[in-house]
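A structural walkthrough
Residue-level listing of the chains:
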Amino acid sequence: GLRGGVLINPSTLLYAFGGVAGSDMNLATFKDNTFGYAFGAGAEFALPVPNLSAKIEYQQTIFDTENVGPLAVDPVSHVGRVGLVYRFSGSIFGQ
């Protein structure tokens, strides 16, 4: 996958990402590996603690259409994340 961003001030990074996704679908009467793509965006904020930042992001993953009996299924997932990031070396946002 790829991720790119813009530093909008010394403590805030806005970014977008995208890439290939894979899933092992396992339903009661259906098993298959499927592929698709994932994309999303987020923001990361430096905190007043050395090497620590907080992030919030959204990701959507869209998989290939699967035929399950007479039904066509379009698997899609929406994921929101909030987290803390600790960098063991280097500094936040390359500063």
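We now turn to the structure provided with this report. Values in this document were obtained by computation on a predicted structure and should not be read as measured data.

A word on the overall build of the protein
What the protein contains, in helices and strands, is 0 helices and 7 strands. For the protein, whose C-alpha radius of gyration is 18 Å, the value lies well above the compact-globule estimate of 12 Å for 95 residues. Summarising its shape, the C-alpha atoms of the protein cover approximately 55 × 20 × 20 Å along the three principal directions. A burial count over the protein gives 27% of its 95 residues as buried. A separation of at least 24 residues holds for 47% of the contacts in the protein among residues at least 6 apart in sequence. With the model as given, the accessible surface of the protein reaches about 6300 Å², and the carbon-plus-sulfur share is 62%. Each charge sign in the protein was given a centre, from 5 positive and 7 negative side chains, and these centres are 13 Å apart.

Examining the side chain of Ser-53
Locating Ser-53 in the fold gives a position in strand 4 (residues 52–63). Classification of Ser-53 as buried rests on a relative accessible area of 0%. A distance of 2.6 Å separates a polar atom in the side chain of Ser-53 from a polar atom in the side chain of Glu-44.

Thoughts on the pattern of salt bridges
Pairs can form between side chains of opposite charge once their charged atoms are near each other. Per the counting criterion, the structure on display carries 4 salt bridges. Notably, a salt bridge pairs Arg-3 with Glu-44, separated by 3.7 Å at the nearest N-O pair. Of this pair, Arg-3 sits in strand 1 (residues 2–9) while Glu-44 sits in strand 3 (residues 30–46), and the two are 41 residues apart along the sequence. Of the charged contacts, one joins Glu-44 and Arg-87 as a salt bridge, the two residues approaching to 2.8 Å between their closest N and O atoms. Highlighted residues: Glu-44 in strand 3 and Arg-87 in the segment after strand 7 (76–86), separated in sequence by 43 residues. Members of the salt-bridge network, linked through shared partners, are Arg-3, Glu-44 and Arg-87.

A few points about the environment of Lys-31
Relative to the elements of secondary structure, Lys-31 occurs in strand 3. Each C-alpha atom, one on Lys-31 and one on Glu-57, is 30 Å from the other, the two residues being 26 residues apart in sequence. Setting aside anything within four residues of it in sequence, one finds Lys-31 in contact with Met-25 and Asn-26.

Digging into the environment of Asp-24
Among the secondary structure elements, Asp-24 is positioned in strand 2 (residues 12–27). A sequence separation of 10 residues divides Asp-24 from Thr-34, and the C-alpha atoms of the two residues are 6.5 Å apart. When neighbours within four sequence positions are excluded, Asp-24 is seen to be in contact with Asp-32 and Asn-33.

Structural notes on unusual backbone geometry
One non-glycine residue, Asn-51, adopts positive backbone phi at about 65°. Here Asn-51 lies in the loop between strand 3 and strand 4. The class for Asn-51 is partly exposed, based on a relative accessible area of 22%.

Rules of the game
Residues numbered from 1 in each chain as written. Predicted model: local features only at pLDDT ≥ 70, side-chain atom pairs only at ≥ 80, totals over all residues. Heavy atoms only, no water. Helix = DSSP H or I, 4+ residues; strand = E, 2+ residues; numbered from the N terminus. Rg over C-alpha atoms; globule rule 2.2 N^0.38 Å. Buried < 20%, exposed > 50% of the residue type's maximum accessible area, 1.4 Å probe, protein only. Contact = heavy atoms within 4.5 Å. Areas by Shrake-Rupley, 256 points an atom, 1.4 Å probe, with all protein chains shown as cover. Lys, Arg positive; Asp, Glu negative; His and termini not counted. Charge placed at Lys NZ, Arg CZ, Asp CG, Glu CD. Polar contact = N/O pair within 3.5 Å; in protein donor to acceptor, adjacent residues only side chain to side chain. Salt bridge = Lys/Arg side-chain N within 4 Å of Asp/Glu carboxyl O.

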